[in-house]
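If you want the building blocks of each chain, they are given just below.
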Amino acid sequence: MNRDFRLSRRAVLASGLALGVGGLVLPVRAATPLKVAGIHASPVENAWNSCLHKALQDAAAEGAIEYTFSEGVSGTDYPRAMREYAEAGNKLIIGEAYAVEKEARQVAADYPETAFVLGSSGEAAGDNFGVFGTWNHDGAYLAGMLAGKMTKSNVVGSVGAMPIPEVNMLINAFAAGVKAVNPEAKHLVTFIGTFFDPPKAREAGLAQIDAGADILFGERIGTADAAKERGIKAVGSLIDYTPRYPDTVFANALWGFRPILNAAVADAAAGKPVGKDYTAFGLMKEGGSDIAYAKGVAPADAEAAMEEVRAKIKSGAFEVPRDTAEPK
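Residues numbered from 1 in each chain as written. Predicted model: local features only at pLDDT ≥ 70, side-chain atom pairs only at ≥ 80, totals over all residues. Heavy atoms only, no water.

Let us look at the sheet that holds strand 4 (residues 65-70). The strand order across the open sheet formed by five strands is 4-3-5-6-7, and the pairing between neighbours is parallel. Only two strands of the sheet have a single partner each, and these edge strands are strand 4 and strand 7 (129-132). Strand-to-strand, the axes of this sheet are offset by a mean angle of 20°, without reference to chain direction. With six bridges connecting them, strand 3 (residues 34-39) and strand 4 associate as parallel partners. (Pairing = 2+ DSSP bridges. Helix = DSSP H or I, 4+ residues; strand = E, 2+ residues; numbered from the N terminus. Axes fitted to C-alpha atoms, helices over the stretch in contact; angles between N-to-C directions.)

Laid out in structure tokens, this is it:
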């Protein structure tokens, strides 16, 4: 599975295998494209935001939506940005409520005719406040299975943003995959306290390497730089980092926002309530997430065992544990 990786300030272009669309396909050219606004707390080159931004750009290029966006919006400015986009006539606003849960829900209550679908650790509210989680934990578990068989020091590390439920679940899934094949392995965890600070993630990764880790799981951008610098292997999250770090990142827990976006746009365009949880559209069994890995890096038996579990996840025969407790 190969994906072209290019990052820029305003766009993230990716080609290769596209994650599934969850069985819901938007029309190639809508008669009246739905006005959609994206509000990104981090720059759009941040991996998570790039997934949203790319999906929104693609939908706009297909004529399904009309897309405008803001990036690097601080928590103090976020509610204002939501209000401005609602006042501007956008019918659907996509973004994140992690740092502004209370304020975001208040804005949605003030604009009942506008649909808001935001990344959130909380529940949907009313008819117009929908939520989604970033559930690429299936791919993280599978990557952990490979890492558990590859580590020579018996120490692996994870660098995350902050201990919110989705990040916790992802890191715990990676650790569970490692433990499933290597119960004696030690797992180091560091949170950098922000969603976007590549130098800080690099420093955290270097510290874990100094503590004995020989494989790093990079929930945050910058972790792979530490691994590359010290000549060890790393696992990427959300997007495929292997083309950028061909000798370092051997596996990636992918997540695609397009299935979630398609469902939200379809509901908003039809005038249906969006006050629901759209997370499930991003699951591996729905085609919204997967693992991408460089074959031949992990032992052949490790790859075979991982592929067996992967098939079971896709069929629904196996469910990766969803542990949202803060990893220790």
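Scanning the model with the defined rule gives 11 aromatic pairs in all. Ring centres of Tyr67 and Phe69 lie 5.5 Å apart, and the angle between their planes is 20°; this geometry places the pair in the stacked category. Under the relative-accessibility criterion, Tyr67 is labelled buried at 15%. Considering the side-chain rings of Tyr141 and Phe318, the 5.6 Å spacing of their centres and the 45° angle between planes classify their relative orientation as tilted. With Tyr141 in helix 4 (residues 137-150) and Phe318 in the segment after helix 9 (300-315), this pair connects stretches of sequence that are 177 residues apart. Here Tyr141 falls in the buried class, since its relative accessible area comes to 9%. An aromatic cluster is present here, built from Trp48, Tyr98, Phe132, Phe195, Trp255 and Phe257 joined pairwise through their rings. (Phe/Tyr/Trp six-rings, centres within 6.5 Å; stacked < 30°, edge-to-face > 60°. Buried < 20%, exposed > 50% of the residue type's maximum accessible area, 1.4 Å probe, protein only.)

Let's shift gears to the pairing of strand 7. With burial as the criterion, each face of strand 7 is covered, one bearing Phe129 and Val131 and the other bearing Gly130 and Phe132. Bridge count for strand 6 (residues 115-119) against strand 7 is four bridges, and the pairing is parallel. Looking across to strand 7, one finds that Phe116 is bridged to Phe129.

Time to look at the packing of helix 2 (residues 78-87) against helix 3 (residues 101-110). Running from N to C, helix 2 and helix 3 point in directions that differ by 20°, and their axes come no closer than 9 Å. As judged from the angle between their axes, helix 2 and helix 3 are roughly parallel. For the crossing formed where helix 2 meets helix 3, the hand is right-handed. The residues of helix 3 that touch helix 2, namely those facing Pro79, Met82 and Arg83, are Glu103, Ala104, Gln106, Val107 and Asp110. Considered class by class, the residues forming the contact of helix 2 with helix 3 number four nonpolar, one polar and three charged. (Parallel < 35°, antiparallel > 145°, perpendicular 65-115°, else oblique. Left-handed = near helix turned anticlockwise from the far one by under 90°. Contact = heavy atoms within 4.5 Å. Nonpolar A, V, L, I, M, F, W, Y, C, P; charged D, E, K, R; others polar.)

Moving on to the nonpolar core. Of all hydrophobic cores here, the largest spans 79 residues; its most connected members are Leu92 and Leu146. Here this core takes eight residues from helix 4, the largest share from any one element. One finds Ile39, Tyr78, Ala104 and Val107 within the second-largest nonpolar core, a separate group that totals 19 residues. (Core = buried A, V, L, I, M, F, W, Y, C linked by side-chain atoms within 4.5 Å.)

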